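Descriptive structure summary
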Amino acid sequence: MNLPQSLRWIPANSTWSKWKPVIRSALAAWIAVVVFIIPSIENILGQAAFLIIIASFLSPPSDPFIAVLEREIIVLIFVALGWAWVCLGLMFASLARTQTVPDASMRTIITGEYIEAGPSVIIGVFIFIGSTFFLYIKARLGPGPFLPASVFGCICVDISLMTAVLFPYPYYKIGQIIILPLAFHSAISLIVSIFVFPQSVSAQFTTYMQGAVTPLAAAISLHKSHLLEDVTSSAFSYKQITDAANKAENTLPMLAAAARLLKLDIVYTRLAPTDYTEMHGIVRKLMVRVHGMGVYFILIHPTREQFPVTPAVSHPATPVHPRSPSPRPDRPSSVTTEERHAPSADKEIRHHKPSHHHQPLSSHARSYPANSTSPFHSPRPYKHSRSHHAHHTLLHSSLLHLALSRVPKHSGETAVGVFESQKYLNLEAIHLSHPDSTFFTARANELLSDSCQDLLSVCQEALGISGAWIGNVGGFSFDFLRGRHEDKAQHHREEVQRYEDLLEKLTRELDEFSTKKRLTVLDPYRPMFDRSDDTSSDYEVPPHRYLFHCYVYQYHLLQFAALLQDMLKEIIRLETQREKPKLWLPSMPKLFTWRTWEPYEINEQEDDEDPETIPGIDPTWMTDLGKAVKRDPDALPPRNGLERVMNWIYRAVISIGGGNMLFALKAATLTVILAIPSFLKTSAEFAYANKFVWAVFMAQLTLARFRGDTTFGVIARIISTFAGGLIGTVIWYISAGNGRGNPYGLAAVCAVCYPSFFFARLYWPIAPMTNLIIWVTTALVVGYSYNDTHLTVSSSPGWGIDVAWRRFVLVIVGVLAAGIFSHFPPSTTIRSYQRRTLATTSAELGSIYCSVVSYANSHVEKDSSITVRSLLAIRSKLKRSLVLKENAVYEFSLRGRWPSERYLKILEIQTQIAYELCYLMSVVHDLEPAWAHAFLRRTRMLDSDFQGDVLAVISLISNALHTGSPLPQITPCPLLDRFMLRRHGLNVVHEESEDDYGLPRTLTVDTLENLQYLTFCVGVSTAFGIITRLDRLMVAVKELVGEQYHIDGMGMSVMTTEV
């Protein structure tokens, strides 16, 4: 059955495991309806009894019990705090009241007869401060358990104070009509969470973990098949591998959210909730490794980025033994630019080899039949049609044209990055190209495939079995009901033996790969060391970049397999130590330790996030990495107690100007403005009778930090309110007919409709806000209609279509007010948010880069998982900003279109740098001290001049993005030019280096086969990737902010120098 794309989410979520939360939520909501229609309980709940139905949709018990408990407790605490604030405000208002009438009738109260100016002003101030507090928490903490609590806190303050202003005495019980329905809802939700398809945090965690491991197994399967394909073909694509890896990584935020509550879980099972901590860390690292394996296809793909992606200039060979020069007949005798910068021994080797590739390989090469078309057996001779010098001259004549062509025609913009483009094109054409790259790529890929297929197969098997274990590990609860004890023990021993056999198989294959199979990729380079082969002089050794490409893949595969070893060992340990189920209780509950930097379940559509904060990174740790500490340019550090106090007061006042506080103050101001009709005698009765408070808190919650999100909220709330009003009206008239509401009919209709309603509430892939407003409006229409027909109230908006129409009109009033008010200062745009976010992530990437280099230099024992976790947090932040920028289209501007593609380019480059830093951290962790120092020397990471340029580039990029200021036309970029200052080829230590760190200066077969050499090469390649991406990031930022400080003739001097 071919369903349209908009409906495919229905069968995709129609599984029993997905229906359990739906049934639990629907049952809780239906019980709330039953409680609501009982007359005695409805009288207890009061005029706002319908809130019990609304809360069922706002906070359904679809999560594990501990998560529901945490959320409901926080909601009740915030509402109680709001009630306490209301009582304090009423006390001060009563002190300012000149007339107190404790026995006033409700009929006269709602007319506004007792409203006085003094108490109204005081209540307005308390509304302002209370709204500011809750909205600041909403913006500061973002998504998480505090989000619904802050919303309910705002509702409590708004309804209570806007109603209490009418009373001629302090009506302290006003908050009770808000908190009682929510307390009933919380009790129902908790009871249902315990008894109806109860779910533990551990079960949710294993579900998410299985959702991460399953795509990894699919990715490994795709790696096996893609390595067997013709990677040089224009039809070759590795998108499936990337999609599978991204699908696995997308589960990590949800996995982190569940992991946060593991220590609070209460379960009866074999494994303790905290036993999953080690598995969680392994799965996180597997994500990095599978992305690292995918880097290989980026390196070799014919449509990859034009900027260089190999570690250094790729000389075709590296000297082993000195030979007498014998110039090739097809090569001109003049010395090229490349040769002038190359070591003399390198020139000897290059001149010594002819351009033929049909030399037979060693015995490790793959055999083919006589009619095979393998590139290994195809002669690939080539000759230069002109000298390199002539080629460079032609190139230089077109450099400026190529740089300028990057600017769209008729755009009105001047070219940027011309200086960097000239330098890069020179480097790419002179040092980083080879006429036979297609042949060498196919040849290296074929050898790589031969070496990796067996290990990939075992890894795929290990992932499949581990994923099955993760999915079933929680299924041993109450296992004493199943069969005899002897049979269960025997089955358990067989399972453990199965895991041990698989671990032994993986270990054996990994050892064989490490010692033998991985060396297959060296076959094209072995003729360099074979003196007895007279024909070796006719064999052209491939440039070292192709070996480095293979090493990158092999290194990450080695690490991936080693992590799978750890996973199997952990499974075996848990299976042997946790044989019997028991009741696990939390040792020290910590329900209120949430911080903004902790990982949480990401709501990618959330629009109230701080661009200056990266959730998942401890701010103190970021400072420890070396983040620059800002100084006060107008004052020295305080010297005494008085100066410290005044300094603290000054900083507290300045902090009010932060984005979150400004947003909260602005939204609170809008709340007070819209509440004015309730404070005036002439309009108070009209506002109360027509429930104008709906418009107030709808405007309050529609206003967002960014204009685009507010505009989107206006449109989404109008559409969703209309749809919800129609659904609620239909539900009401089906249950009531032409009457004034039938409790039995309402309960029956809700019992039928709620399962489908909550299925859409939980899984409908539309904007979360739109989804929520539809069902909240539906509940409000039904609940308010029944409330007004069965309770004696002072003013009634009606029922059915009357309620829906009044709700729709008030929503339009509120959201339009929010939309208009969002354009008043202080006004923040998504465009500014994007720049500030990218500036923040740029700065933190620079900090982590410094931490990795420091670790490589000192090798002080340090938990590298902190770095990996922080880089994951940066990538999550970038992904959320990618989603948030979609609402930028709602920010109307007369200045011109927003350059979304340029922002996307910067975001993609930063994401790539984050991955590269993960790989670099792993490499320096695995390198021995001598190899690590040789690596730092080759990559110039200990060169203060070069590192000064690198950090200057990062600082320039971050500051330009943060302020929007143009960058200098001449910058330290391209960094690659200085990174490649000394060419090493395959050598570890440069022949002119004073210190060899105890490593061989002359390249040998043993060096090539050394595992540390493989790691070293991967580190060089990774460092090269970071440097090239920083250069590319500089050009991308220049395209966004522009350039300044022009110097005439600088471009021509660069070209003349290069020539």
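These numbers come from a predicted model, not from an experiment. (Residues numbered from 1 in each chain as written. Predicted model: local features only at pLDDT ≥ 70, side-chain atom pairs only at ≥ 80, totals over all residues. Heavy atoms only, no water.)

**A word on the overall build of the chain**
Looking only at helices and strands, one finds 38 helices and 4 strands in the chain. Restricting the contact set of the chain to residue pairs at least 6 apart, pairs at least 24 apart contribute 85%. Accessible surface computed for the chain: about 45000 Å², of which carbon and sulfur atoms make up 60%. (Helix = DSSP H or I, 4+ residues; strand = E, 2+ residues; numbered from the N terminus. Contact = heavy atoms within 4.5 Å. Areas by Shrake-Rupley, 256 points an atom, 1.4 Å probe, with all protein chains shown as cover.)

**Looking at the packing of helix H13 (residues 277-300) against helix H18 (residues 437-472)**
Running from amino to carboxyl end, H13 crosses H18 at an angle of 155 degrees, the nearest separation of the two axes being 13 Å. Relative to H18, H13 is oriented roughly antiparallel. Note on packing geometry: the crossing formed by H13 with H18 is left-handed. Between H13, through Met279, Met293, Tyr296 and Ile300, and H18, the contact on the second element is made entirely by Thr441, Asn445, Leu448, Leu456, Trp469 and Ile470. Taken together, the residues of the contact of H13 with H18 sort by class into 8 nonpolar, 2 polar and no charged. (Axes fitted to C-alpha atoms, helices over the stretch in contact; angles between N-to-C directions. Parallel < 35°, antiparallel > 145°, perpendicular 65-115°, else oblique. Left-handed = near helix turned anticlockwise from the far one by under 90°. Nonpolar A, V, L, I, M, F, W, Y, C, P; charged D, E, K, R; others polar.)

**Some points on the packing of aromatic side chains**
For the structure on display, the rule yields 42 aromatic pairs. Ring centres of Trp16 and Phe197 lie 5.3 Å apart, and the angle between their planes is 90 degrees; this geometry places the pair in the edge-to-face category. Of this pair, Trp16 sits in helix H2 (residues 16-37) while Phe197 sits in the loop between helix H9 (176-195) and helix H10 (201-227); the two residues are 181 residues apart in sequence, bridging distant segments of the chain. Centre to centre, the rings of Phe821 and Phe824 are 5.5 Å apart; their planes meet at 70 degrees, and the pair counts as edge-to-face. Judged by its relative accessible area of 42%, Phe824 falls in the partly exposed class. Three or more aromatic residues joined by ring pairs form one cluster here, namely Trp9, Trp19, Phe759, Tyr763 and Trp764. Residue placement shows Lys582 over the ring face of Trp584; its charged tip is 4.4 Å from the ring centre. (Phe/Tyr/Trp six-rings, centres within 6.5 Å; stacked < 30°, edge-to-face > 60°. Buried < 20%, exposed > 50% of the residue type's maximum accessible area, 1.4 Å probe, protein only. Lys NZ or Arg CZ within 6 Å of the ring centre and 35° of its normal.)

**Examining the nonpolar core**
With 162 residues, the main nonpolar core has Tyr553 and Phe935 as its most contacted residues. Excluding residues that lie within four positions of it along the chain, Tyr553 makes contacts with His223, Leu227, Met293, Tyr296, Phe297, Leu448, Cys452 and Leu456. Counting 110 residues, the second largest nonpolar core, distinct from the first, contains Ala48, Leu90, Val196 and Ile731. (Core = buried A, V, L, I, M, F, W, Y, C linked by side-chain atoms within 4.5 Å.)

**Describing H2**
The end-to-end C-alpha distance of H2, which contains 22 residues, comes to 31 Å, matching closely the 32 Å that a straight helix rising 1.5 Å per residue would cover. Listed as buried for H2 are Pro21, Val22, Arg24, Ser25, Ala26, Ala28, Ala29, Ala32, Val33, Val35, Phe36 and Ile37. Buried residues in H2 make contact with helix H3 (39-45), helix H4 (51-58), H9, helix H27 (743-763) and helix H28 (768-790). (Expected span 1.5 Å × (residues − 1).)

**Side note on a nonpolar patch on the surface**
A contiguous nonpolar patch, built from Leu642, Val645, Met646, Trp648, Ile649 and Val653 and spanning about 650 Å² of accessible area, is present on the exposed surface. One can find Trp648 in helix H22 (residues 641-655). (Patch = residues over 30% accessible without salt bridge, like charges linked within 9 Å, V, L, I, M, F, W, Y side chains within 5 Å. Salt bridge = Lys/Arg side-chain N within 4 Å of Asp/Glu carboxyl O.)

**Points about the pattern of salt bridges**
As enumerated under the stated definition, the model contains 21 salt bridges in all. Measuring nitrogen to oxygen at the nearest pair gives 3.6 Å for the salt bridge that ties Lys879 to Glu249. With Lys879 in helix H31 (residues 864-884) and Glu249 in helix H11 (residues 239-249), this residue pair connects regions lying 630 residues apart in the sequence. For the salt bridge of Arg573 with Glu570, the shortest nitrogen-to-oxygen distance reads 2.6 Å. Taken together, the residues Arg573 and Glu570, both in helix H20 (residues 544-577) and 3 residues apart, mark about one turn of the helix.

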